[in-house]
Amino acid sequence: MRAARSVLTHPQCRLVRLRTTRIPLTPLSITRSRSRRSSKPSSDADDVAEKLHQQQQRPSTAPRPNPDLKHIRQNPELYEKNCIERNYKNQSTYPALINELFVQWQARHDDGRSLRTRANALHRQIANPATIQHEDEAEPPDESQEKRHRDVRTMTKEHLLDEARQLKQKLSTIENDEERLTTEMSDLALAIPNLTSEETPRGDEPRVLSYINEPHPFESTSPSSDRVWRSHVHIGSELGILDFAAAATTSGWGWYYLLDEGAQLEQALVSYALASLTRVPGWRQVAPPSIVYSHIADACGFQPRDQHGETQVYALAQSSADAARGKPELSLAGTAEIPLAGMRADSIFEVTELPSKRVGVSRCYRAEAGARGAETKGLYRVHEFTKVEMFAWTAPDDEEATEVFNEMVDAQTEILSSLGLHCRVLEMPSTDLGASAARKIDIEAFFPSRAAQGLNAGWGEVTSASICTDYQARRLATRLRTNLPGAKLAYPYTVNGTALAVPRVLAAILENGWDEDQQAVAIPECLRPWMDGKDKIEMRHRSTS
């Protein structure tokens, strides 16, 4: 068996496991034609691949994906184990199904090669009978070939033409079968998650790497202290900078209004994160679109529904006319990672362009705000929010990708440290990885309100960084021209990370900066230049309007 393909010792393309209410979508009404199937009974592999293909419909204008089928065929046990470790149990059967389909493809391919040899002999005899004689004289004796040629030479032209027509029909059927089987193998391969890094803990328990801003807030408070910890929902409502009730009337549960210093604080966080990154050479700022083709989101690992059938993304409804024309479906981007990755879809990098690093701000839309409950109350899990995202393409080299990944984690650490938040850095386990990630590091901040509710000891994720190896590049047809003479185009690696997700960080600042005596929240010093120099948000916004 071939050795496993090299897998990054670092992160993943972020795909959060979602818990959500179901939201109706309007899918493209494209149904795969079965007219090209062979008359042979379908196998289990055929049936699974057929269903999968209908779920993965891509318009003809979409980048052509190219999964590493050869590596999957040669290492089925590796991919099966990888799927099981990542809790992709259904997909764990796909490597074996791919090999089953490949056996069928080889059989049809061999049939086609035999028929093409016969068809070529017929065509040469029809066009110029002398060529068969010349081939017999030029080539060493071959009993089967001599028998075929003798047979062809004794046929009338009418018989030759009749058999040629029959062979053409048979070859057409075989070629259709070959194309169908190739498509089915590709669809199965595209549904298999990325290989997991050796650095990733197997199972469902993360590994703590380090802490930021120690000691723990509860430990730093004197035992005799009567400090009162409040939830950000209570604090924001008291200060008049958060309004969930009006948002529920306007948009529903999972949305919110930021008012006055709350809105100002959002802009301050975004500006600070951008300033922190763009002062580092190599980072280019981008203002990406918030609406993307659904097939671009899918190629990045964000699929319309998760493994439990829950809605993950908001798809824009199509008219029946657009659907009938096969117009590509559009979705609201769940993260700027998607449009940033799409910037170089179906294009070629020169080796001198890498690494290529981008940072973008966008509104993000998630249909996965989750069921109502303490864990999702307030700003912790919402349907729409602002996020600063880092994204990079690197050479297909573990060390270079890891270097950029570490740069992202360092940037996240610096931002959260300067905000004064107590955090922990985690190496995330295999069951937490999304489809595109090889490795993922999360940073969780401490939320007093979550601690009071017994939720994960108060910890809540605020940033994530991932290495996706060539998972996204292969699906987006993002290629790399190397300097090696005669070398084929390669696929770059992609790395992404959250620089700052506003709602959760804002919530953590409110809870950790709250002073019960002063009825005010301390503003981190690094944000004050964007807050008109204010050092705190005080209770003076009790207006009902």
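Report on the accompanying structure. (Residues numbered from 1 in each chain as written. Predicted model: local features only at pLDDT ≥ 70, side-chain atom pairs only at ≥ 80, totals over all residues. Heavy atoms only, no water.)

### Notes on the pairing of strand β8 (residues 356-365)
Residues in a regular strand project their side chains so that they alternate between the two faces of the sheet. Where burial is concerned, most of β8 is hidden: 8 out of the 10 residues are buried. Across 4 bridges, strand β4 (residues 283-286) lies against β8 in parallel orientation. Counted as the bridge partner of R284 is R358 from β8. Examined bridge by bridge, β8 and strand β9 (residues 384-394) share 10 bridges and lie antiparallel to one another. Counted as the bridge partner of V361 is V388 from β9. (Buried < 20%, exposed > 50% of the residue type's maximum accessible area, 1.4 Å probe, protein only. Helix = DSSP H or I, 4+ residues; strand = E, 2+ residues; numbered from the N terminus. Pairing = 2+ DSSP bridges.)

### Some thoughts on the packing of aromatic side chains
Aromatic ring pairs are reported here in terms of the distance separating the ring centres and the angle at which the planes meet. A complete count under the given rule lists 7 aromatic pairs for this structure. When the centroid spacing of 5.7 Å and the interplanar angle of 90° are considered together, the rings of Y380 and F447 count as edge-to-face. Within this pair, whereas Y380 is found in the loop between β8 and β9, its partner F447 is found in the loop between β11 (439-446) and α16 (448-452), the two being separated by 67 residues in sequence. Each member of the pair, Y380 together with F447, is buried. Centroid distance F446 to W459: 6.0 Å. Interplanar angle 75°. Geometry classified as edge-to-face. Taken together, the residues F446 in strand β11 and W459 in strand β12 (residues 459-467) connect sequence positions 13 residues apart. Three or more aromatic residues link up through ring pairs in this structure, and these residues are Y211, F446 and W459. The lysine or arginine in question, R450, covers the ring of Y380, its NZ or CZ lying 4.1 Å from the ring centre. Between R504 and the ring centre of Y380, over which it is positioned, the NZ or CZ distance is 3.8 Å. (Phe/Tyr/Trp six-rings, centres within 6.5 Å; stacked < 30°, edge-to-face > 60°. Lys NZ or Arg CZ within 6 Å of the ring centre and 35° of its normal.)

### Quick word on the environment of L160
Mapped onto the secondary structure, L160 falls in helix α7 (residues 157-190). Residue L160 is classed as buried on the basis of its relative accessible area, which comes to 3%. Each C-alpha atom of the pair L160 and A119 lies 9.5 Å from the other, and the pair is 41 residues apart in sequence.

### Some words on the side chain of T196
Tracing the backbone shows T196 in the loop between α7 and β1 (207-212). Among the polar contacts listed, one links the side chain of T196 to the side chain of N82, at a separation of 2.7 Å. A polar contact is formed between the side chain of T196 and the side chain of R86, at a distance of 3.0 Å. (Polar contact = N/O pair within 3.5 Å; in protein donor to acceptor, adjacent residues only side chain to side chain.)

### Overview of the sheet that holds β4
Spatially, β1-β10-β11-β12-β14-β9-β8-β4 is the arrangement adopted by the 8 strands of the open sheet, whose pairing is mixed. Two strands in the sheet have a free side with no partner beyond their single neighbour: β1 and β4. Along the sheet, successive strands turn relative to each other by an average axial angle of 25°, direction set aside. Contacts between helix α15 (residues 398-418) and the sheet are confined to β1, β4, β8, β9, β10 (423-427), β11, β12 and β14 (493-501), with β14 contributing the most and set at about 0° to the helix. Across the sheet, helix α18 (residues 502-512) touches β9, β11, β12 and β14, and the angle it forms with β14 is around 40°. (Axes fitted to C-alpha atoms, helices over the stretch in contact; angles between N-to-C directions. Contact = heavy atoms within 4.5 Å.)

Bear in mind that shape data such as this cannot, by itself, settle questions of function.
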